[in-house]
Amino acid sequence: MINPEFKRNLWLQFSLHRLIAMPAILGLIFFTLSIASNNFPDGLPLDSIALILFGGIVCLWGTRSASSAVIDEIRDKTWDQQRMSALNPWTMTWGKLFGATAFNWYGGLLCLLAFVIAALTREDAMTFTSGLTLVALGILMHAATIALNLHLMRSDIRAVQRGGIAWAVVLMVFLFAPRLRSGIDASVLWWGQPFAYSVFLLASTVFFAAFAVFAAWRSMSSALQITTIPWAWPLACCLLAAYVAGFTDGAGLLWIALLFAMAMTYAALFSEENDIALWQRVTARAKAGNWHGLFRNLPIWPTTLVLSFCFALLLQFSNGEDLPFKLPATIASLSFLALTLALMLLRDCCVYLFFAFSGKSKRVGATTILYLALINGLLPFLSKMMGLKSLSIFFMPLHIGNGWVMLGIAALHALLALALLGWRWRQQALKDDSLPQAA
């Protein structure tokens, strides 16, 4: 039986007019450009035009359509009906992923057909791998958009309701995606092994596309209120670190993993729900010894926070593994640098939870960023300008050469943040205990 969500999207996407209009318009474009190429030999070849049209129809328009598959449900207030349906998360995921973008793939496949025909007439050896890479890129962008929208739909980020996530995905792909064509003889050295550029690009795109589809499925499970154990987030961190470290032949693997763990902790912390009610459920299950229930209610950011400390400790006892990049001149010591960064990450997480537990601030992320900018930027700079070097070091311990002092100050920051968070927790607990008495 066909997926009901996929079938519903097909009915919404296709009509007789659209079925006829897409190939007719594309055929007219290709016919016009083929005539123009005869008059202007230096113009773009037909296969390049087909790639550009595929990018516009599938990668740009299709990403917008994938975003609308979730955004329209939220705007039309029909998402609750979707959640109450009998469809499981995987069925819902691929129904939206390929159903909402079916018309875009219809046009994209026509462009790919024109690309293959034109490339074969020019004896282009990259035809097959280039076509598959484009297909994987389209799936990657669509799945990433759906995953981000589902993950952020309950947050206060306005870009979700406005559909801005789709264009954020397009921008990230445009900035970081490598070139599709880099010459037939080009090669990539990864983990000490040479690979043909086109084959490596195809494999990488397929890997990240599968990654994005899996993320969309996990996000759909969370959106449908199906609790899961957060093992995928730290696994993703390790896989991404291993992929990036392959370009340096493994040099600085632990440092790359630490930086990925920190970045993913910040990303999840600022995008997940972290109200005090959630953490009260987590602590209640911990006190009851219900570890399975604890992990099923735990947000994903603590997993990479713990992973950061694991990588920091490994770096501490790995006899000083070299960094894969150059440090600023003001950071003169590598000793205890990894542990210092992990402790500062713990401090920042506590600052975020301090504001999240208040229950009053509607812009917890913006408030946290403001105060962290004051602590890490403005106050150290002001202290330095006033000649108070010791106070400047206290606010920003990274800019000193003594590893022990740097670690001690970072530990003091973390302890102060934990103490403030504990005070906030007790204050909210007292307030909650007084509510039944007042009633």
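Preceding this paragraph is the structure being described.
Parameters and conventions
Residues numbered from 1 in each chain as written. Predicted model: local features only at pLDDT ≥ 70, side-chain atom pairs only at ≥ 80, totals over all residues. Heavy atoms only, no water. Helix = DSSP H or I, 4+ residues; strand = E, 2+ residues; numbered from the N terminus. Buried < 20%, exposed > 50% of the residue type's maximum accessible area, 1.4 Å probe, protein only. Contact = heavy atoms within 4.5 Å. Areas by Shrake-Rupley, 256 points an atom, 1.4 Å probe, with all protein chains shown as cover. Axes fitted to C-alpha atoms, helices over the stretch in contact; angles between N-to-C directions. Parallel < 35°, antiparallel > 145°, perpendicular 65-115°, else oblique. Left-handed = near helix turned anticlockwise from the far one by under 90°. Nonpolar A, V, L, I, M, F, W, Y, C, P; charged D, E, K, R; others polar. Phe/Tyr/Trp six-rings, centres within 6.5 Å; stacked < 30°, edge-to-face > 60°. Lys NZ or Arg CZ within 6 Å of the ring centre and 35° of its normal. Pairing = 2+ DSSP bridges. Polar contact = N/O pair within 3.5 Å; in protein donor to acceptor, adjacent residues only side chain to side chain. Core = buried A, V, L, I, M, F, W, Y, C linked by side-chain atoms within 4.5 Å.

Engineer: So what's going on with the overall build of the protein? Which residues, and what values?
Structural biologist: Counting its secondary structure elements, the protein contains 19 helices and 2 strands. Among the 439 residues that make up the protein, the fraction classed as buried is 45%. In the protein, the proportion of contacts linking residues at least 24 apart, taken out of those at least 6 apart, comes to 75%. Split by element, the accessible area of the protein, about 23,200 Å² in all, is 70% carbon and sulfur.

Engineer: Tell me about the packing of helix α1 (residues 4-13) against helix α5 (residues 89-99), and name the residues and values.
Structural biologist: Contact pair α1 / α5: the axes reach a minimum separation of 8 Å and the direction vectors enclose 20°. On the basis of the axis angle, α1 is roughly parallel to α5. The element α1 and its partner α5 pack so that their crossing is right-handed. Taken together, the residues of α5 that come into contact with α1 (itself represented by E5, F6, R8, N9 and Q13) are M92, W94, G95, K96, F98 and G99. In terms of residue class, the contact of α1 with α5 is made up of 4 nonpolar, 4 polar and 3 charged.

Engineer: Describe the environment of S221, and please don't skip the residues or the numbers.
Structural biologist: Within the element layout of this structure, S221 appears in helix α10 (residues 197-223). Along the chain, S221 and N88 lie 133 residues apart, while their C-alpha atoms are 8.1 Å from each other. For S221, the contacting residues outside a window of four places in its chain are P89, I226 and T228.

Engineer: Run through unusual backbone geometry, naming residues and quoting values.
Structural biologist: Phi angles above zero are rare outside glycine, and Q225 is one such case at about 60°. With respect to the helices, strands and loops of the structure, Q225 is situated in the loop between α10 and α11 (232-245). Residues other than glycine seldom take positive phi values, yet D249 does so here, at roughly 60°. Considering the arrangement of structural elements, one finds D249 in the loop between α11 and α12 (253-269).

Engineer: I'd like a rundown of the packing of aromatic side chains, residues and numbers included.
Structural biologist: Summed over all chains, the structure comprises 27 aromatic pairs. Note on F14 and F103: the rings are 5.8 Å apart at their centroids and 75° apart in plane angle, and the pair reads as edge-to-face. Of this pair, F14 sits in the loop between α1 and α2 (16-39) while F103 sits in helix α6 (residues 102-121), placing them 89 residues apart in sequence. On the basis of relative accessible area, F14 is assigned to the partly exposed category, the value being 23%. By relative accessible area, which is 5% here, F103 ends up buried. Residues F270 and Y352 carry aromatic rings whose centres are separated by 5.0 Å and whose planes lie at 65° to one another, so their mutual orientation is edge-to-face. Placement of F270 in the loop between α12 and α13 (276-287) and of Y352 in helix α16 (residues 337-356) is noted, with a sequence separation of 82 residues between them. An aromatic cluster of three or more residues is present, and its members are W190, F195, F200, F207, F208, F211, Y243 and F247. Looking at R424, its charged tip hangs above the ring of F354, at a distance of 4.1 Å from the centre.

Engineer: Give me the lowdown on the environment of L110, citing residues and values where you can.
Structural biologist: Looking at where L110 falls in the secondary structure, it is placed in helix α6. Its relative accessible area of 27% is what places L110 among the partly exposed residues. Ignoring anything within four residues of it in the chain, the contact list for L110 reads M22, P23 and L26.

Engineer: Describe the pairing of strand β1 (residues 187-190), with residues and values.
Structural biologist: Of the pairings in the sheet, the one linking β1 to strand β2 (residues 193-196) comprises 4 bridges and is antiparallel in character. Following the sheet pairing, W190 is matched in β2 by Q193. In this structure, the hairpin formed by β1 and β2 is closed by a connection of 2 residues, where W191 is found at a positive phi of approximately 55°.

Engineer: Tell me about the side chain of T265, and name the residues and values.
Structural biologist: Assignment of secondary structure puts T265 in helix α12. Of note is the side chain of T265, whose polar atom sits 2.8 Å from the side chain of T304. Contact partners of T265, with chain neighbours within four places excluded, come to W301, T304, L305, S308, L345 and C349.

Engineer: Before we move on, can you summarise the nonpolar core with the specific residues and values?
Structural biologist: In globular proteins that are soluble, nonpolar side chains generally tend to be buried together. In terms of nonpolar packing, the biggest core is built from 57 residues, with L258, W279 and W301 touching the most fellow members. Breaking this core down by element, the ones donating at least two residues are α11, α12, α13, α15 (301-316), α16, α17 (364-385) and α19 (403-438). Broken down by element, the residue count for this core peaks at 17 residues, all from α16. Apart from the residues within four sequence positions on either side, W301 is in contact with T265, A268, L269, E272, N274, W279, C349 and L353. Among the nonpolar cores identified, the runner-up in size contains 46 residues, and L53, F54, L97 and I139 belong to it.

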